[in-house]
Amino acid sequence: MTRLAIIGGTGLCELPRVALLESLELDTPYGVPSAPVQRLDWQGRELLFLARHGQPHRIPPHKINYRANLWALREAGATEVLAVAAVGGIDTRMAPGDLAVPDQLIDYTWGREHTYADSADAPLLHVDFTAPYDRAWRERLCAAARELALPCFESGTYGAAQGPRLETSAEIARMARDGCTLVGMTGMPEAGLARELELPYACLAVVVNLAAGLGPEIITMDDIHQALELGMGRVKAVLERVVGEV
Ligand code: HPA
């Protein structure tokens, strides 16, 4: 049996119209996850939900215990993971509130616990990561956005930045030269750890600002919050549709 887990990011600490079945306070060999794993009933489907930054939102991207989060979801029975994330747009065709479903990523983070293969007794894992995101889930997300006539970039390269500060315009110019079309702070090591645990993983991203140097002179939290509201409304509509299908 498949069981979907949704990891909610900034702007998505909870899902609408759900019934909470159980709140699981899990401990893992890697510490405690960001929040209890919630077992939910959404439209008659059972799924798992974890608030990446805690509930309420309090853990910055570089302090998230990604290993505990993915481990706890697997312990709770997750067989596939859908990650929701707020991002900056590097592709200049993007507008705040647009959705994106990346198919590639580049990891610029540092100093994060990024693997389960880091002790002498752990098996050394050189997992294949050629295609970091699950194709079937990407297609489902893109189809749902299309059916809902929502603006959605159906591919793209997610650049995982360290944060918590936003980038300089030179950093974004470099990421653009590297081929990144999106920039966020939480995509790694989350995707890599999911792969190590053999959990199919996909990302539904919401563009909440144009990345540094590409839009207004400075990026304000007010602008980000406005775009988040629009974008997360769209995310919930897409999720409602794909959850109804699985
Ligand atoms: N950069 C990095 N992460 C982000 C951004 C950004 O511009 N916007 C939202 N998350």
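Above this note sits the structure.
Values in this document were obtained by computation on a predicted structure and should not be read as measured data. (Residues numbered from 1 in each chain as written. Predicted model: local features only at pLDDT ≥ 70, side-chain atom pairs only at ≥ 80, totals over all residues. Heavy atoms only, no water.)

Once that is clear, we can look at the packing of aromatic side chains. For the structure on display, the rule yields four aromatic pairs. Both rings, one in Tyr-30 and one in Tyr-116, keep their centres 5.0 Å apart while their planes meet at 70°; by these two values the pair is edge-to-face. One end of the pair, Tyr-30, is in the loop between β2 (19-24) and β3 (37-42); the other, Tyr-116, is in the loop between β7 (104-107) and α2 (135-147), with 86 residues separating them in the sequence. Given the relative accessible area of 23%, Tyr-30 is considered partly exposed. Of the residues examined, Tyr-116 reaches a relative accessible area of 6% and is grouped as buried. (Phe/Tyr/Trp six-rings, centres within 6.5 Å; stacked < 30°, edge-to-face > 60°. Helix = DSSP H or I, 4+ residues; strand = E, 2+ residues; numbered from the N terminus. Buried < 20%, exposed > 50% of the residue type's maximum accessible area, 1.4 Å probe, protein only.)

Moving on: the site of the ligand. Close to the ligand lie Ala-86, Val-87, Gly-88, Leu-166, Glu-167, Val-183, Gly-184, Met-185, Val-208 and Asn-209, which account for all nearby residues. Going through the elements one at a time, β5 (80-89), β10 (182-184) and β11 (201-210) are the ones with two or more residues in the shell around the ligand. Considering each element in turn, the shell around the ligand owes the most residues, three residues, to β5. For the shell around the ligand, a count of residues per class yields six nonpolar, three polar and one charged. (Near = heavy atom within 4 Å. Nonpolar A, V, L, I, M, F, W, Y, C, P; charged D, E, K, R; others polar.)

Structurally, the position occupied by Glu-190 is in helix α4 (residues 187-196). Looking at Glu-190, its side chain comes within polar contact range of the side chain of Tyr-201, at 2.6 Å. Discounting chain neighbours no more than four positions away, the residues touching Glu-190 are Ile-7, Arg-52, Tyr-66, Leu-70, Ala-83 and Tyr-201. (Polar contact = N/O pair within 3.5 Å; in protein donor to acceptor, adjacent residues only side chain to side chain. Contact = heavy atoms within 4.5 Å.)

Here α2 is 13 residues long and its end C-alpha atoms lie 18 Å apart, about the 18 Å a rise of 1.5 Å per residue gives. Against the buried residues of α2 lie β1 (4-8), β5, β8 (152-153), β11 and α5 (221-245). The N-cap of α2, judged by a side-chain oxygen 3.5 Å from the amide nitrogen of Ala-136 a few residues on, is Asp-134. In the segment just after α2, Ala-149 is the residue with positive phi, at about 55°. (Expected span 1.5 Å × (residues − 1).)

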